[in-house]
Amino acid sequence: MSKRQQIIEATLKLLIEKGVHNTPVSAIAKEAGTGMGTIYNYFPDKDTLINEIYVAIKQKEEAIFLSLSSEQPLRLQFEAYYSAIIDFFIDNSSYFSFMEQLQASPIITPESKLVGYKAIEPVTNLLDKGKEALIVKNIPTEELLQFIGGSIGSYLRWYFKEDRKDVRQAYQNQLTMAWDSIKN
């Protein structure tokens, strides 16, 4: 692993454990096994480092969405998008914890947020297509995205905290409820 990657991994770990304000650059350096000067060689400040982590996660989300087929019926596409993002965060729980802390933070720059919006363009396009075809409720797309994102976030918080005995059924129930809520 490169020094840069060690710094990113150490930052992600400490931000999740201690939070943004309780994670000084000195602690990141110690966790990464490097000096503070090395960190500043790669990142001018902690906010830049945090934004880089945010952008990297959003780019990974985008890659998942772009890999999905847009040839299926709209409901199946929705289910694929919904499932893919939940699976992504289940497989990468540290990313979910990071996003939970920083999604609405003023630390995340407008430029980084644009990368985030670009990442969900396939979902935005799907919802717009669904509204045009009268399959999805005619509600502003931004509101639909907020609702869907809230549903995903709520499910993941539950998933990571609960004893998951019947996770497949709960997951299917969540997916069904999300689709039923947005369909026309």
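The present account deals with the structure reproduced in this document. (Residues numbered from 1 in each chain as written. Predicted model: local features only at pLDDT ≥ 70, side-chain atom pairs only at ≥ 80, totals over all residues. Heavy atoms only, no water.)

Regarding the layout of surface pockets
- Roughly 810 Å³ of internal volume is contained in the largest pocket.
- Along its surface, the largest pocket is lined by 28 residues, and Lys 58, Gln 103, Ile 120, Leu 145 and Gly 149 are the ones closest to its centre.
- Where the lining of the largest pocket is concerned, the elements lending two or more residues are helix H4 (46-66), helix H5 (74-91), helix H6 (93-102), helix H7 (110-119) and helix H9 (141-161).
- Among the elements that take part in the lining of the largest pocket, H9 stands out by supplying ten residues, more than any other. (1 Å grid on protein atoms, 1.4 Å probe; cavity = no way out; pocket = protein on both sides within 12 Å on 5 of 7 lines; lining within 4 Å. Points joined across faces, edges and corners; volume = space filled by probe spheres on them. Helix = DSSP H or I, 4+ residues; strand = E, 2+ residues; numbered from the N terminus.)

Here's the deal with H7
- Listing the buried residues of H7 in full gives Ser 112, Gly 116 and Ala 119. Taken around the axis of H7, the buried residues stretch over an arc of 55 degrees, which confines them to a single face. Pointing more than 90 degrees away from the buried face of H7 are the exposed residues Pro 110, Glu 111, Leu 114 and Tyr 117.
- On its buried face, H7 is in contact with H4 and helix H8 (121-132). (Buried < 20%, exposed > 50% of the residue type's maximum accessible area, 1.4 Å probe, protein only. Arc of directions from axis to C-beta. Contact = heavy atoms within 4.5 Å.)

A word on the pattern of salt bridges
- Summed over the entire model, instances satisfying the criterion amount to nine salt bridges.
- Linking Arg 4 and Glu 52 is a salt bridge whose minimum nitrogen-to-oxygen distance equals 2.4 Å. A residue pair is termed long-range when its members are at least 10 positions apart, and Arg 4 in helix H1 (residues 3-18) and Glu 52 in helix H4 qualify at 48 residues.
- Looking at Glu 52, the relative accessible area reads 26%, which means it is partly exposed.
- Across the pair Glu 62 and Lys 118 runs a salt bridge whose closest N-O atoms are separated by 2.7 Å. Taken together, the residues span a long stretch of sequence, with Glu 62 in helix H4 and Lys 118 in helix H7 at a distance of 56 residues.
- Each of the salt bridges in this network shares a partner with another, and the network as a whole consists of Lys 13, Glu 17 and Glu 31. (Salt bridge = Lys/Arg side-chain N within 4 Å of Asp/Glu carboxyl O.)

Observations concerning the nonpolar core
- The biggest cluster of nonpolar side chains holds 52 residues, and the ones touching the most others in it are Phe 78, Phe 89 and Phe 98.
- Top element by residues in this core is H5. It accounts for eight residues.
- Apart from the residues within four sequence positions on either side, Phe 98 is in contact with Leu 12, Leu 15, Ile 16, Ile 50, Ile 53, Tyr 54 and Ile 57. (Core = buried A, V, L, I, M, F, W, Y, C linked by side-chain atoms within 4.5 Å.)

As for H4
- An ideal rise of 1.5 Å per residue puts 30 Å on 21 residues; H4 measures up with 30 Å between its terminal C-alpha atoms.
- When H4 is considered as a whole, its buried residues turn out to be Lys 46, Leu 49, Ile 50, Asn 51, Ile 53, Tyr 54, Val 55, Ile 57, Lys 58, Glu 61, Glu 62 and Phe 65.
- Summarising the contacts, the buried residues of H4 are in contact with H1, helix H2 (25-32), H5, H6, H7 and H8.
- Measuring from the backbone nitrogen of Asp 47 back to the side-chain oxygen at the start of H4 gives 3.2 Å, which picks out Asp 45 as the cap. (Expected span 1.5 Å × (residues − 1). Polar contact = N/O pair within 3.5 Å; in protein donor to acceptor, adjacent residues only side chain to side chain.)

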